[in-house]
Amino acid sequence: MPKIVSLDEIWIDLPLKEVPWRNMIRELPHWRLFQLFKVTLDTGHVGVGEMPPYYTRFEVTDDARQRVIGKHPAEVMWDDTLGCGLQMACCDAAARLIDAPLWSLLGEKVRDRAYVGWWAIDMPVEDWILECQEGLDNGYTTFKSKARPWFDLENQLTKLCAFLPDHFKVDMDFNDFGLDPAIARPLCKSLERFKHLAIWESPILQEDLQGNRELRQHLSVPIAHHAGRPELASQIEQQACDGFVIEGGISWATKTAATLATFNKPFWLQWTGTNLTAFFGLHLQAVMTHCRWPAIHCHHMYIDQIVQEPFVVENGMASIPAGPGIGVTIDWDVVEQYRTQPQARPYPHPGVLLRVDWPSGTKSYFAHTEQMWAYFRASCAPAFVPGVHLVRVDDDGSDEWRGLHERVQNAPVHTNG
């Protein structure tokens, strides 16, 4: 029986494009670092997967590395505890071994083309417009971003939607920052006048099942939740949302997709990374009947790609790969170009100073976005105030900047002018 005889691991530092990077630097600077896993079989077949920085909670352990050696890749490919990069590599190898596309090992194919969406972090609306223009130029029809209490969301959507064509849809992810229905309900009801809005994601704390059910009764735009927070059965039973977000290992994702199909609940897949991960995600979309919402892959943020084949999107749809395995060719020259040493993912990025400008005249300074998350989540500042705006304060070499930067390492600093 064919078996895995070796496992190679390669770290790469893949730069982001200008617009994503100048906004990601304050919250996700570590999204540049990837781990590639290459499994080789005694037959000579090779499978490749990647560990994107988004999935640090699914790290590949030394135990997982040891467990795959000597095993048939199909024997271990359903083991979510391997970590997503190694699991992806085993999936790729198992399908290549039988000269078949990966989707054929995952289930019955239900579509030849899958719905995909453009993604960007929260940013000034001028940068949102630049991102959406690039998405439109590349065939996308949907945009997902972040609703944050340090930006004037109404002002952002007013300017963004004035730019967008009628067919282009927008999904807003609150990541629970709406906190409760008393905050989120009037805000969302007011914003639903923008016809481009298609989905609210996690507008309040997902664990508040009663509050989410109440919110659904007042809003017309559907609400999406991450599946499994709290347990999926309670989310469905309490009718807390209209649809779901699925991410994680392929075993859990496949079982969750089957459950949601039983209850006729739509969802999108959120598998982020380079275009290798994007193509991998298409195979999952190929066999999941209720994967009706646009998947999020984020590969478009990077200045280069490790796969030779272009990820082509037309009318918001991408074709399912037909070749063996994931169906793509790794560009090893690009991999070598960005190869780096294993390292801890850096956070925060050195030299970042953030300022929230309040319409009252107060200015609040923060060291990084994690500090801001904790501050706003604890209701230490008002939520979604009209006129609020976030600014990154560049180092001008002054003693004032250095002193303020040093102070905010311990706690936010507030001034009146």
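Residues numbered from 1 in each chain as written. Predicted model: local features only at pLDDT ≥ 70, side-chain atom pairs only at ≥ 80, totals over all residues. Heavy atoms only, no water.

Engineer: So what's going on with the state of the cysteines? Which residues, and what values?
Structural biologist: Scanning all chains against the criterion turns up 0 disulfides. Cys90 provides the cysteine sulfur closest to Cys91, a residue in no disulfide bond, and the two sulfurs are 7.2 Å apart. With a relative accessible area of 0%, Cys91 lands in the buried category. No disulfide involves Cys132; its sulfur sits 8.9 Å from that of Cys161, the nearest cysteine. Residue class for Cys132 comes out buried when judged on its relative accessible area of 0%. (Disulfide = S-S within 2.5 Å. Buried < 20%, exposed > 50% of the residue type's maximum accessible area, 1.4 Å probe, protein only.)

Engineer: Can you break down the pattern of salt bridges residue by residue, with the values?
Structural biologist: Under the criterion given, the structure shown has 26 salt bridges. Between Asp112 and Lys109 there is a salt bridge whose closest N-O contact spans 3.0 Å. Between Lys146 and Asp173 there is a salt bridge whose closest N-O contact spans 2.7 Å. Of this pair, Lys146 sits in strand β5 (residues 142–146) while Asp173 sits in strand β6 (residues 169–173), and the two are 27 residues apart along the sequence. For Lys146, a relative accessible area of 12% gives the class buried. Several salt bridges share partner residues, and in doing so they unite Lys144, Lys146, Asp173 and Glu201 into one network. (Salt bridge = Lys/Arg side-chain N within 4 Å of Asp/Glu carboxyl O. Helix = DSSP H or I, 4+ residues; strand = E, 2+ residues; numbered from the N terminus.)

Engineer: Can you explain the pairing of strand β4 (residues 113–119)? Please cite residues and give values.
Structural biologist: β4 sits mainly inside the fold: 5 of its 7 residues count as buried. Summarising the sheet, β4 and strand β12 (residues 317–319) pair through 3 bridges and their orientation is antiparallel. Within β12, the residue paired with Arg113 across the bridge is Ser319. Pairing between β4 and β5: 2 bridges, direction parallel. Across the sheet, the residue bridging to Trp118 is Phe143, located in β5. (Pairing = 2+ DSSP bridges.)

Engineer: So what about the environment of Leu390? Which residues, and what values?
Structural biologist: Counting through the fold element by element, Leu390 comes out in strand β16 (residues 389–392). Measuring from C-alpha to C-alpha, the distance between Leu390 and Tyr347 comes to 19 Å, with 43 residues separating the pair along the chain.

Engineer: So, the packing of helix α8 (residues 181–191) against helix α9 (residues 209–218): which residues are in play, and what are the values?
Structural biologist: Packing of α8 against α9 brings their axes to within 10 Å, and their N-to-C directions diverge by 20°. Classified by the angle between their axes, α8 and α9 sit roughly parallel to one another. For α8 against α9, the interelement crossing comes out right-handed. For the pair α8 and α9, the contacting residues are Pro181, Ala184, Arg185 and Lys189 in the first and Gly211, Glu214, Leu215 and His218 in the second. (Axes fitted to C-alpha atoms, helices over the stretch in contact; angles between N-to-C directions. Parallel < 35°, antiparallel > 145°, perpendicular 65-115°, else oblique. Left-handed = near helix turned anticlockwise from the far one by under 90°. Contact = heavy atoms within 4.5 Å.)

Engineer: Account for the environment of Gly135, naming residues and giving values.
Structural biologist: With respect to the element layout, Gly135 can be found in helix α6 (residues 125–137). Take Gly135: its relative accessible area is 0%, and that puts it in the buried class. Expressed as a C-alpha distance, the spacing of Gly135 and Asp173, which sit 38 residues apart in the sequence, is 18 Å. When sequence neighbours within four positions are dropped, the list of residues in contact with Gly135 reads Trp118 and Tyr140.

Engineer: Lay out the packing of aromatic side chains with the relevant residues and their values.
Structural biologist: With the rule as written, the count across this model stands at 16 aromatic pairs. With 5.1 Å between their ring centres and 65° between their planes, Phe279 and Phe311 make a pair best called edge-to-face. Of this pair, Phe279 sits in helix α12 (residues 275–287) while Phe311 is found in the loop between β11 (295–296) and β12, placing the two residues 32 residues apart along the sequence. The residues Phe279 and Phe311 share a single accessibility class, namely buried. Plain terms: the ring middles of Trp358 and Phe376 are 6.1 Å apart, the flat faces sit at 25° to each other, and that makes the pair stacked. With Trp358 in the loop between β14 (354–357) and β15 (362–366) and Phe376 in helix α14 (residues 369–377), this residue pair connects regions lying 18 residues apart in the sequence. When its relative accessible area of 12% is taken as the criterion, Trp358 is described as buried. Clustering of aromatic rings is evident, with ring pairs tying together Trp150, Phe177, Trp358, Phe366, Trp373, Tyr375 and Phe376. Cation over ring: Arg32 sits above Trp21, and NZ or CZ is 5.4 Å from the ring centre. Cation over ring: Arg377 sits above Phe177, and NZ or CZ is 4.6 Å from the ring centre. (Phe/Tyr/Trp six-rings, centres within 6.5 Å; stacked < 30°, edge-to-face > 60°. Lys NZ or Arg CZ within 6 Å of the ring centre and 35° of its normal.)

Engineer: Hey, could you go over the sheet that holds strand β3 (residues 46–51) for me, with residue numbers and the actual values?
Structural biologist: Whenever strands of a sheet pair, they do so through backbone hydrogen bonds, lying parallel or antiparallel. As summarised here, the arrangement of the 4 strands in space is β3-β2-β1-β13, forming an open sheet in which the pairing is antiparallel. Among the strands making up the open sheet, the edge pair consists of β3 and β13 (339–340). Bridging between strand β2 (residues 33–41) and β3 involves 6 bridges; their strand directions are antiparallel. Residue pairing for β3: Leu36 is matched across the bridge by Glu50.

Engineer: Outline unusual backbone geometry, supporting the account with residue identities and numerical values.
Structural biologist: Residue Pro230 follows Arg229 across a cis peptide bond; omega there is -5°. Inspection of the secondary structure puts Pro230 in the loop between β8 (223–226) and α10 (232–237). One non-glycine residue, Asn264, lies in the positive phi region at around 55°. Summarising the element assignment, Asn264 is placed in the loop between α11 (250–262) and β10 (267–269). You can call Asn264 partly exposed: its relative accessible area is 48%. The backbone of Phe384 sits at a positive phi, close to 55°, despite the residue not being glycine. Relative to the assigned elements, Phe384 resides in the loop between α14 and β16.

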